[in-house]
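# Examination of the molecular architecture
Listed below, chain by chain, are the residues.
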Amino acid sequence: MELRNKMEEMLCRIIKTDRKLYKETGDNSTIGYAIRYMENNFNKDISLDMAANQVSMNSNYFSSLFRKKTGYSFVKYLQKLKIEKVKKLLSNPLKRNYEIAAETGFENDKYFCKVFKELTGLTPLEYREQLFRRTDMQ
């Protein structure tokens, strides 16, 4: 039991040291860590609070710093990240839109289509048609 407690204590120190290093090496590293967290969890329901918690920051300060460093709000950046993943998945003609939406963490098809059109100017169907037209021409 004592060994287990010591191991847990060591693990906690390692985690704290890791987070402290990210903070001490500059704000960009902290935001970089948050972005990696977003990239690894884009398909899950992640929030600003969750991301801020990952870097041990207050969510208001994190939000302000994130916008300052990336030029985007947390939500907009996450949407752009998801849409980049969606674009890759749309190249598979066997995948349906609702499958892609679910796979990339969108709560429903309508919201998925709305965000996609807002960021690309096209619906997922139009994007797919354009993609396959380009491949046919080559």
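A brief look at the structure comes next. (Residues numbered from 1 in each chain as written. Predicted model: local features only at pLDDT ≥ 70, side-chain atom pairs only at ≥ 80, totals over all residues. Heavy atoms only, no water.)

Turning our eyes to something else, we now look at the pattern of salt bridges. Side-chain pairs of opposite charge can arise where the charged atoms are in close proximity. Per the stated rule, a full pass over the model turns up three salt bridges. With its nearest N and O atoms 2.7 Å apart, the salt bridge here joins lysine 95 to glutamate 103. (Salt bridge = Lys/Arg side-chain N within 4 Å of Asp/Glu carboxyl O.)

Moving on, we come to the packing of helix 5 (residues 74–90) against helix 7 (residues 109–120). Direction vectors running N to C along helix 5 and helix 7 enclose 95°, while the axes themselves pass 10 Å from each other. With respect to helix 7, the axis of helix 5 lies roughly perpendicular. Counted together, Lys76, Gln79, Lys80, Ile83, Val86, Lys87 and Leu90 of helix 5 and Tyr111, Phe112, Val115, Phe116, Glu118, Leu119 and Thr120 of helix 7 form the full contact between these two elements. (Axes fitted to C-alpha atoms, helices over the stretch in contact; angles between N-to-C directions. Helix = DSSP H or I, 4+ residues; strand = E, 2+ residues; numbered from the N terminus. Parallel < 35°, antiparallel > 145°, perpendicular 65-115°, else oblique. Contact = heavy atoms within 4.5 Å.)

This part takes up the nonpolar core. Ile31, Met38, Val55, Phe62, Phe66, Phe74 and Leu78 are the most contacted members of the largest nonpolar core, which totals 19 residues. Where this core is concerned, the elements lending two or more residues are helix 2 (27–41), helix 3 (48–54), helix 4 (59–70) and helix 5. The leading source of residues in this core is helix 2, at six residues. For isoleucine 31, the contacting residues outside a window of four places in its chain are Phe62, Leu65, Phe66, Lys69 and Thr70. Counting residues in each nonpolar core, the second largest holds 13 residues, with Leu90, Ala101, Phe106 and Phe116 among its members. (Core = buried A, V, L, I, M, F, W, Y, C linked by side-chain atoms within 4.5 Å. Buried < 20%, exposed > 50% of the residue type's maximum accessible area, 1.4 Å probe, protein only.)

Glancing now at helix 4. Here helix 4 is twelve residues long and its end C-alpha atoms lie 16 Å apart, about the 16 Å a rise of 1.5 Å per residue gives. Along helix 4, the residues classified as buried are Phe62, Leu65 and Phe66. Down the axis of helix 4, the sector holding all buried residues measures 105°, keeping them to one side. Facing away from the buried side of helix 4, by more than 90 degrees, are the exposed residues Asn60 and Lys68. The opening residue of helix 4 is asparagine 58, an N-cap whose side-chain oxygen sits 2.7 Å from the backbone nitrogen of asparagine 60. Where helix 4 terminates, the next one or two residues include glycine 71, which has phi positive at roughly 85°. (Expected span 1.5 Å × (residues − 1). Arc of directions from axis to C-beta. Polar contact = N/O pair within 3.5 Å; in protein donor to acceptor, adjacent residues only side chain to side chain.)

Along the chain, glutamate 103 turns up in helix 6 (residues 97–103). Distance in space between the C-alpha atoms of glutamate 103 and valine 86 is 8.7 Å, their sequence separation being 17 residues. Ignoring anything within four residues of it in the chain, the contact list for glutamate 103 reads Phe42, Asn43, Leu89 and Lys95.

Topologically, threonine 104 is positioned in the loop between helix 6 and helix 7. Look past the residues within four positions of threonine 104 in its chain and what remains in contact with it is Phe42, Asn43, Lys82, Lys85, Val86 and Leu89.

What follows covers the packing of aromatic side chains. Two numbers describe a pair of aromatic rings. These are the distance of the centres and the angle of the planes. Counted by the stated rule, this structure contains nine aromatic pairs. On the basis of an interplanar angle of 85° and a centroid distance of 5.4 Å, the ring pair of phenylalanine 66 and tyrosine 77 is categorised as edge-to-face. Taken together, the residues span a long stretch of sequence, with phenylalanine 66 in helix 4 and tyrosine 77 in helix 5 at a distance of eleven residues. A residue is classified by how much of its surface remains accessible, and phenylalanine 66, at 0% relative accessible area, is buried. (Phe/Tyr/Trp six-rings, centres within 6.5 Å; stacked < 30°, edge-to-face > 60°.)

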